[in-house]
Amino acid sequence: MTAPVSRRRLLAAAAAAPLGLSTLSPAFAADRLRIGVVPGAYADSANVAAREARTQGLQVEVIEFTDWTTPNVALNAGDIDINYFQHQPFLANAIKKQGFQLASAGTGILANVGLYSLKHKKVQDVPAGGKVGIANDPVNQGRGLLLLQKVGLIRLRPGVGYLGTLDDIVDNPKKLRFVEVEGPQLVRITPDVDIAQGYPHFIVAAKAFDPSSGLAYSGIEDAQFAIQFVVRQDRVNDPLVQRFVRIYQNSQAVRAETHRAFANDDRLYTLAWTRT
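Residues numbered from 1 in each chain as written. Predicted model: local features only at pLDDT ≥ 70, side-chain atom pairs only at ≥ 80, totals over all residues. Heavy atoms only, no water.

Asks: Explain helix H9 (residues 252-261) here, please?
Replies: What sets the pattern is the α-helix's 3.6 residues per turn: residues three or four places apart point alike. Every buried residue of H9 is accounted for by Val254, Glu257, Thr258 and Ala261. Down the axis of H9, the buried side of the element spans an arc of 100°, and every buried residue falls inside it. Lining the buried residues of H9 we find helix H2 (41-55), strand S5 (109-111), helix H7 (200-206), helix H8 (239-250) and strand S14 (269-271). Where H9 begins, one side-chain oxygen reaches toward the backbone nitrogen of alanine 253, 3.2 Å away; that side chain belongs to serine 251. Following H9 by one or two positions, alanine 263 adopts a phi angle in the positive range, close to 55°. (Buried < 20%, exposed > 50% of the residue type's maximum accessible area, 1.4 Å probe, protein only. Helix = DSSP H or I, 4+ residues; strand = E, 2+ residues; numbered from the N terminus. Arc of directions from axis to C-beta. Contact = heavy atoms within 4.5 Å. Polar contact = N/O pair within 3.5 Å; in protein donor to acceptor, adjacent residues only side chain to side chain.)

Set out below in structure tokens:
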């Protein structure tokens, strides 16, 4: 697996080589793709698909990023061909905020969000004034808040949906306190709070605690949060891109790796493309 690429390192490389990340490799070959991922289930399954693609004459390089910002910057600049780490609402927000010329070329895994606690056995045990770990980006925070509302810990302003923020909480009977961190870091703060929004694939990757120990999970009703194969707008129908997406979606090895990456627990994920 390719070593993770930090945001600072990649952006520095881009600044040094505005026509492409020449520090990473020469210009792309005709049958070559670069896909940017984040560590965990997405990277692991993409690596499996990349190996299968190579046996079919399509060279795919998997590049890991350590944050949720740089993969879109690199893709929009043309330094990678695809990224595979974000769902459609996250992408829509990034396009709105940054003006990226990006679009989805296919659907991948739906990771079910959970609520986790290493201090309490039930949601009802969360004490008054307890601390809640939650994602700090607009879309994923909204998703976590919806799950907290679902289990009765808070109530949101009607109609905010997944765009809800902490400011949209209209009822917080236990006067819960919120700790906001970037999504991949939620697993690290879970021991320090009473309950935390959690992504099972990050928990599996961190080997921090049991990813099947969630007190509640989202599910297929969250289909809009399935991870997308994102490309520049002019490459949505690119034959090489679509070829790789088909390899990924049709691969039994990808399905087996995904199941392993989600702790062999069907509650933690959905193969979203099979439900459309």
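Asks: Can you walk me through the packing of helix H4 (residues 88-98) against helix H5 (residues 138-150) in this structure?
Replies: When two helices pack together, their arrangement is given by the angle between the helix axes and the distance between those axes. Where H4 meets H5, the axes come as close as 8 Å, and the angle between the chain directions of the two elements is 145°. Between H4 and H5, the contacting residues are Pro89, Phe90 and Asn93 on the first element and Pro138, Val139 and Asn140 on the second. (Axes fitted to C-alpha atoms, helices over the stretch in contact; angles between N-to-C directions.)

Asks: Sorry, what's going on with the layout of surface pockets here?
Replies: Rolled over the atoms, a probe sized like a water molecule indicates the empty space that remains. Its volume calculated, the largest pocket comes out at about 340 Å³. Looking at the lining of the largest pocket, the elements that each hand over two or more residues are helix H3 (70-76), H4 and H5. Sort the elements by how many residues they give to the lining of the largest pocket and H4 lands first, with five residues. Within the lining of the largest pocket, the residues separate by chemical class into seven nonpolar, six polar and four charged. Taken together, 13 residues form the lining of the second largest pocket, with Pro39, Pro184, Gln185, Arg188 and Phe202 sitting closest to its centre. Where the lining of the second largest pocket is concerned, the elements lending two or more residues are helix H6 (186-189) and H7. A breakdown of the residues in the lining of the second largest pocket according to their chemical character gives nine nonpolar, two polar and two charged. (1 Å grid on protein atoms, 1.4 Å probe; cavity = no way out; pocket = protein on both sides within 12 Å on 5 of 7 lines; lining within 4 Å. Points joined across faces, edges and corners; volume = space filled by probe spheres on them. Nonpolar A, V, L, I, M, F, W, Y, C, P; charged D, E, K, R; others polar.)

Asks: For this particular structure, what's the right way to read empty space enclosed by the protein?
Replies: One pass over the full model with this rule turns up two cavities of 30 Å³ or more. Size it by volume and the largest cavity reaches roughly 130 Å³. Lining the largest cavity are 15 residues, and of these Trp68, Phe85, His87, Tyr199 and Ile227 sit closest to its centre. Looking at the lining of the largest cavity, the elements with two or more residues in it are strand S3 (82-87), H5 and H7. In terms of residues, the lining of the largest cavity owes the most to one element, S3, which gives three residues. Here the residues of the lining of the largest cavity are counted per class, giving 10 nonpolar, four polar and one charged. Considering only enclosed or pocket space, the second largest cavity measures out at about 40 Å³ in volume. The wall of the second largest cavity is formed by Gly183, Leu186, Val187, Thr190, Gln197, Gly198, Tyr199, Phe202, Ile203 and Phe209.

Asks: Quick question: what am I supposed to make of the sheet that holds strand S7 (residues 131-135) here?
Replies: Within a beta sheet, neighbouring strands are joined by backbone hydrogen bonds and run either parallel or antiparallel to one another. A sheet is described by the order of its strands in space; here five strands give the open sequence S10-S7-S11-S6-S12, paired in mixed fashion. One side of each edge strand has no neighbouring strand; the edge strands of this open sheet are strand S10 (177-181) and strand S12 (216-217). Where S7 meets S10, five bridges bridge the pair, whose relative direction is parallel. Note that in S10 the partner of glycine 133 across the bridge is valine 179. The sheet strands contacting H5 are strand S6 (114-116), S7, S10, strand S11 (195-198) and S12, and the helix crosses S7 at an angle near 140°. (Pairing = 2+ DSSP bridges.)

Asks: Sorry if this is basic, but what is going on with the packing of aromatic side chains here?
Replies: The relative placement of two aromatic rings is captured by the distance of their centres and the angle of their planes. Under the criterion given, the structure shown has 15 aromatic pairs. Here tyrosine 84 and phenylalanine 229 contribute two aromatic rings whose centre-to-centre distance is 4.2 Å and whose plane-to-plane angle is 10°, an arrangement assigned as stacked. Placement of the pair is tyrosine 84 in strand S3 and phenylalanine 229 in strand S13 (residues 227-232), with a sequence separation of 145 residues. Considered together, tyrosine 84 and phenylalanine 229 belong to a single accessibility category, that of buried residues. With 5.8 Å between their ring centres and 65° between their planes, tyrosine 248 and tryptophan 273 make a pair best called edge-to-face. Taken as a pair, tyrosine 248 in helix H8 and tryptophan 273 in the segment after S14 lie far apart in primary sequence, 25 residues in all. (Phe/Tyr/Trp six-rings, centres within 6.5 Å; stacked < 30°, edge-to-face > 60°.)

These figures come from the coordinates and say nothing about function on their own.
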